Amino acid sequence: MTGPLNGIRIIDLTAMVSGPLATMMLADQGAEVIKVENPSGGDFTRSAANRQGNVSASFLNNNRNKKSVALNLKEPAGREALLKLVATADVFVQNFRPGVIDRMGLGEDELRKVAPNLIMVSISGFGDTGPFAQRPVYDPLIQALSGLATVQAGTDERRPQLVRTILPDKLTGVVAAQAITAALFARERSGEGQHVRLSMLDAIIAFLWSSDMGSQTFVQGELPQQAAASFQDLIYQTTTGYVTIAVQNDREWQALIRAVNRPEWAEDPRFLTAELRQKNIDARLDLIQSVIKTDSAEHWLARLAKESVPCAPVLTRTEVLNHPQVQANDLLVEYNHPQAGSIRQTRAPARFSASPTQPLQGAPALGQNTAALLAACGYSADDIQTLIDSGVAGMPGLPE
């Protein structure tokens, strides 16, 4: 792979979504990512539902452009092989519970003996210390503890709701990828590696603060309950489907009035300013809905677009594939995977002018690159076969 991270080697011990997504983003940008998995099954998402050719969509969509080495790290010979790989690497990423990597004999001190300038990255669920640090973690737990589920409900008084996508997992992956590139940049200047630590909980709370923690921003004696601005989403039903309309400033409000032909709204004292329109949001949204429901989505989208009112159709996941804007962006890529057959994915969203977009390489089979990468570390063919026969290393799943 070519790209801005070409020449960077990453050893990836992560599983599930947050870590694999982070390293896949870096692989998409040209880094060589070596995914190290247990020979007896590998990353749990390999066995997830929604499969084709015995490969899960979840594994495919978080592990493309990587190589796979299967090593049993409970065995001394497996750890020795991993350390030989680490000695050639720039970055080491893991997302075991705090303390596990040290008990495995692969803590920072051990890694720096073979790679003094290594960037080590530790991703946790709740953090390295504290009462929840050693607890098992899944996305809904972070949504609950971070306050995201209450934000999604709209107010502290309503039943909390989960976001219907694993936002904490995926956002943590994005934060981790950015932190890794920042650490690489710092090493270019100083020559020194460092240990990057982040948790899903920290990533989500920081994420919420930019827009959802206004009541908690100003330090005071008693924090108010968070009141809802409105219990209504900016989704409007038409005779043929749903649309979204979002207006903020006076110009957009006047444009909406023209689009729906309701000049009397311009004189309504409840809506004369942006502040008043926010204060009376439920009444405003009710009025808009009462008009929008009288005609088709196509009709209203054309009228709204003509007046430059911010609007869009509400699409199903399948409808997204064929929308003209998505197609114009050349975002979706179809290619053949050796096991799964024809698959569809997105390209990396960021495009670099100095690095032409490369063809995607499908997620690797378990142990696909074991032999080649161990050979590059000095293992003979007999040594590799001995590791495979003893169960320390995994058989390559596909020709390399």
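Look up a bit, the structure's there.
Residues numbered from 1 in each chain as written. Predicted model: local features only at pLDDT ≥ 70, side-chain atom pairs only at ≥ 80, totals over all residues. Heavy atoms only, no water.

Engineer: What am I meant to see in the overall build of the protein here?
Structural biologist: Scanning the protein for helices and strands turns up 18 helices and 13 strands. Reported as C-alpha extents along the three principal axes, the dimensions of the protein are approximately 85 × 55 × 40 Å. Residues counted as buried form 42% of the 400 residues belonging to the protein. In the protein, of all internal contacts separated by at least 6 residues, the share reaching a separation of at least 24 is 69%. Total accessible area on the protein is roughly 21100 Å²; 52% of this is exposed by carbon and sulfur atoms. Each charge class in the protein was averaged separately, 36 positive and 41 negative side chains, and the resulting centres sit 2 Å apart. (Helix = DSSP H or I, 4+ residues; strand = E, 2+ residues; numbered from the N terminus. Buried < 20%, exposed > 50% of the residue type's maximum accessible area, 1.4 Å probe, protein only. Contact = heavy atoms within 4.5 Å. Areas by Shrake-Rupley, 256 points an atom, 1.4 Å probe, with all protein chains shown as cover. Lys, Arg positive; Asp, Glu negative; His and termini not counted. Charge placed at Lys NZ, Arg CZ, Asp CG, Glu CD.)

Engineer: I keep staring at the packing of aromatic side chains and nothing clicks. Help me out?
Structural biologist: Each aromatic ring pair is summarised here by two numbers: the centre-to-centre distance and the angle between the ring planes. A complete count under the given rule lists three aromatic pairs for this structure. Centroid distance phenylalanine 126 to phenylalanine 132: 5.2 Å. Interplanar angle 70 degrees. Geometry classified as edge-to-face. Relative to tryptophan 265, the ring of tryptophan 253 has its centre 6.0 Å away and its plane inclined at 10 degrees; by these criteria the two rings are stacked. Here the residue tryptophan 253 occupies a position in helix α11 (residues 250–260), and tryptophan 265 occupies one in the loop between α11 and α12 (274–279), the gap between them amounting to 12 residues. (Phe/Tyr/Trp six-rings, centres within 6.5 Å; stacked < 30°, edge-to-face > 60°.)

Engineer: So what exactly am I meant to see when it comes to the pattern of salt bridges here?
Structural biologist: Opposite charge on two side chains allows them to pair when their charged atoms are near. Summed over the entire model, instances satisfying the criterion amount to 16 salt bridges. The salt bridge partner of lysine 66 is aspartate 12, with a shortest N-O separation of 3.3 Å. On the criterion of sequence distance, the pair formed by lysine 66 in strand β5 (residues 66–70) and aspartate 12 in strand β1 (residues 9–12) is long-range, its members being 54 residues apart. Ionic pairing is found between arginine 46 and glutamate 37, a salt bridge with its closest N-O pair at 2.8 Å. Assessed through its relative accessible area of 15%, arginine 46 is described here as buried. Overall, glutamate 37 belongs to the buried group, its relative accessible area being 4%. Beyond isolated ion pairs, a larger network of salt bridges with shared partners links Glu108, Arg112, Asp128 and Arg197. (Salt bridge = Lys/Arg side-chain N within 4 Å of Asp/Glu carboxyl O.)

Engineer: Would you take a moment to explain empty space enclosed by the protein for this structure?
Structural biologist: If a probe as big as a water molecule is rolled over the atoms, it shows which places are left empty. Considering all chains together, one arrives at one cavity of 30 Å³ or more under this definition. Of the volumes computed, that of the largest cavity is approximately 180 Å³. Along its surface, the largest cavity is lined by 17 residues, and Asp28, Ala348, Ala350, Thr357 and Gln358 are the ones closest to its centre. Among the residues making up the lining of the largest cavity, the classes are represented as seven nonpolar, seven polar and three charged. (1 Å grid on protein atoms, 1.4 Å probe; cavity = no way out; pocket = protein on both sides within 12 Å on 5 of 7 lines; lining within 4 Å. Points joined across faces, edges and corners; volume = space filled by probe spheres on them. Nonpolar A, V, L, I, M, F, W, Y, C, P; charged D, E, K, R; others polar.)

Engineer: Honestly, the sheet that holds strand β9 (residues 235–237) in this entry has me stumped. Any pointers?
Structural biologist: Strand pairing within a sheet occurs via backbone hydrogen bonds; the two strands may be parallel or antiparallel. Pairing is antiparallel in the open sheet, where three strands are placed in the order β9-β10-β11. The sheet is open, and its two edges are formed by β9 and β11 (311–313), each paired on a single side. For this sheet the average axis-to-axis angle between neighbouring strands, irrespective of direction, equals 30 degrees. Here β9 runs beside strand β10 (residues 242–245); their pairing, made up of three bridges, is antiparallel. Note on β10: the bridge partner recorded for isoleucine 235 is threonine 244. (Pairing = 2+ DSSP bridges. Axes fitted to C-alpha atoms, helices over the stretch in contact; angles between N-to-C directions.)

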